[in-house]
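# Overview (structure and organization)
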Amino acid sequence: MYDHDLLVVGSANADLVIGVERRPGAGETVLGSDLAVHPGGKGANQAVAAARLGARTALLARVGDDAHGRLLLDSQRAAGVDTAGVLVGGAPTGVALITVDPSGDNSIVVSPGANGRLTPEDVRAAAGVLHASRVVSAQLEIPLETVVEVVRNLAPDCRFVLNPSPPRPLPQEVLAACDPLIVNEHEAKVILGDALVGDRPEDWARTLLAKGPRSVVVTLGAEGSLVASSEGVTRVPSVKVAAVDTTGAGDAFTAALACRIGAGASLEEAASYASRVGAAAVTRPGAQESFPTATEVEALCCASPGGNPRTPGRGSGNASGTAHGGGSC
């Protein structure tokens, strides 16, 4: 019935990455490593991550008619993503300026470029692809009105996944479609605003759920994640791996969760698998090039919560992933 397991509607950026001993303060200059250029952007990252896990994946995005745009298209095609929905032109390809410190933590500034020209009209023109997709995933590195148009064009039985990054207040129409809404601590607090209640993630999850989403996932880094629905709030535990670079880990988590729920997994099962995918990703540098295959994710399946797993084939060493579940998308 469906041509695609997952359609990702979102951003495609060139990631310009510099390693630093520490991030500069205001007015300060620090020296960094040689510049590395990688394909990135939350939408493009999610599409590659899902395709690597075996999901039939398509991307609706916009890139510039430039070298960065060609880099992004090549990366998508190499991963097996259907790029028929990737539009070209209108502005230079978006760029993310990323600094990574020795602990693997990163800071990112994004110039949207062509991402800001992905319009509601583009979504309406792609209605056929939307209706042929089991799950649709979006983020907020594209215009909010474009995400609203995605929600308005979903097929009746399609599941919509939203990671509201960078965070902003969301209209009720979008919140009501989310199943799930996936947020970290910072995103949860921005979306809740004055409605923020309590200091515990469980409080945030329940308050977010009351705002209209059908389900909510709160990611907690090394503490794992929370899943919240009408059935209650459940903690999904984590297992430690040694983080090399956290860039793109959240995108890998979201993609894995989206394709697992499309395959019929429960939200808790999907979050457990997604945490292991994110954990595998942080053991390697970069974003898209760090994303694991389903076989590599299986290397984490024998770890016990809180223990030290076998690390996947392309790297080793501290970020979170859960040790439950298994299999590909």
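Predicted model, so just to flag it, every value in this text is computed and none were measured. (Residues numbered from 1 in each chain as written. Predicted model: local features only at pLDDT ≥ 70, side-chain atom pairs only at ≥ 80, totals over all residues. Heavy atoms only, no water.)

By size, the foremost hydrophobic cluster in this structure holds 44 residues, and its most contacted members are Leu53, Leu59, Val217, Phe253, Leu257, Tyr273 and Val277. Listed by contribution, the elements that provide at least two residues to this core are β1 (4–9), α1 (42–52), β4 (57–63), α2 (67–79), α9 (249–262), α10 (267–281) and α11 (294–297). The element that contributes the greatest number of residues to this core is α9, accounting for 8 residues. Leucine 257 has contacts with Pro180, Ile182, Val217, Leu267, Ala270, Ala271 and Ala274, leaving out every residue within four places of it along the chain. (Core = buried A, V, L, I, M, F, W, Y, C linked by side-chain atoms within 4.5 Å. Buried < 20%, exposed > 50% of the residue type's maximum accessible area, 1.4 Å probe, protein only. Helix = DSSP H or I, 4+ residues; strand = E, 2+ residues; numbered from the N terminus. Contact = heavy atoms within 4.5 Å.)

A few words on the pattern of salt bridges. Throughout the structure, instances matching the rule amount to 15 salt bridges. Among the salt bridges present, the one from arginine 22 reaches glutamate 28, with a minimum N-O distance of 2.4 Å. When its relative accessible area of 47% is taken as the criterion, arginine 22 is described as partly exposed. On the basis of relative accessible area, glutamate 28 is assigned to the partly exposed category, the value being 31%. (Salt bridge = Lys/Arg side-chain N within 4 Å of Asp/Glu carboxyl O.)

Further remarks concern the side chain of glutamine 76. Looking at where glutamine 76 falls in the secondary structure, it is placed in helix α2. What makes glutamine 76 buried here is its relative accessible area of 1%.

With that settled, the discussion passes to the sheet that holds strand β11 (residues 216–219). Taken together, the 9 strands give an open sheet; going across it, the order is β5-β4-β1-β8-β9-β10-β11-β12-β13, and neighbouring strands pair in mixed fashion. Both outer strands of the open sheet, β5 (86–88) and β13 (232–236), are each paired with one neighbouring strand and no more. Averaged over all neighbouring strand pairs, the angle between strand axes comes to 15 degrees, with direction disregarded. Relative to β5, β4 runs parallel, the two being bridged by 3 bridges. Looking across to β5, one finds that arginine 62 is bridged to leucine 87. Of the strands in this sheet, β1, β4, β8 (133–139) and β9 (159–163) are in contact with α1, which crosses β4 at around 160 degrees. Those strands touched by helix α7 (residues 185–192) are β9, β10 (178–183) and β11, and its axis lies near 115 degrees from that of β10. (Pairing = 2+ DSSP bridges. Axes fitted to C-alpha atoms, helices over the stretch in contact; angles between N-to-C directions.)

A separate point is the sheet that holds strand β2 (residues 13–19). Pairing is mixed across the open sheet formed by 4 strands, whose spatial order is β3-β2-β6-β7. Across the chains shown, the open sheet's two edge strands, defined by having one partner strand only, are β3 (36–40) and β7 (106–111). Within the sheet, the average angular offset between the axes of one strand and its neighbour, ignoring direction, is 25 degrees. Where β2 meets strand β6 (residues 94–100), 7 bridges bridge the pair, whose relative direction is parallel. Paired with aspartate 15 across the bridge in β6 is alanine 96. The sheet strands contacting α2 are β2, β3 and β6, and the helix crosses β3 at an angle near 55 degrees.

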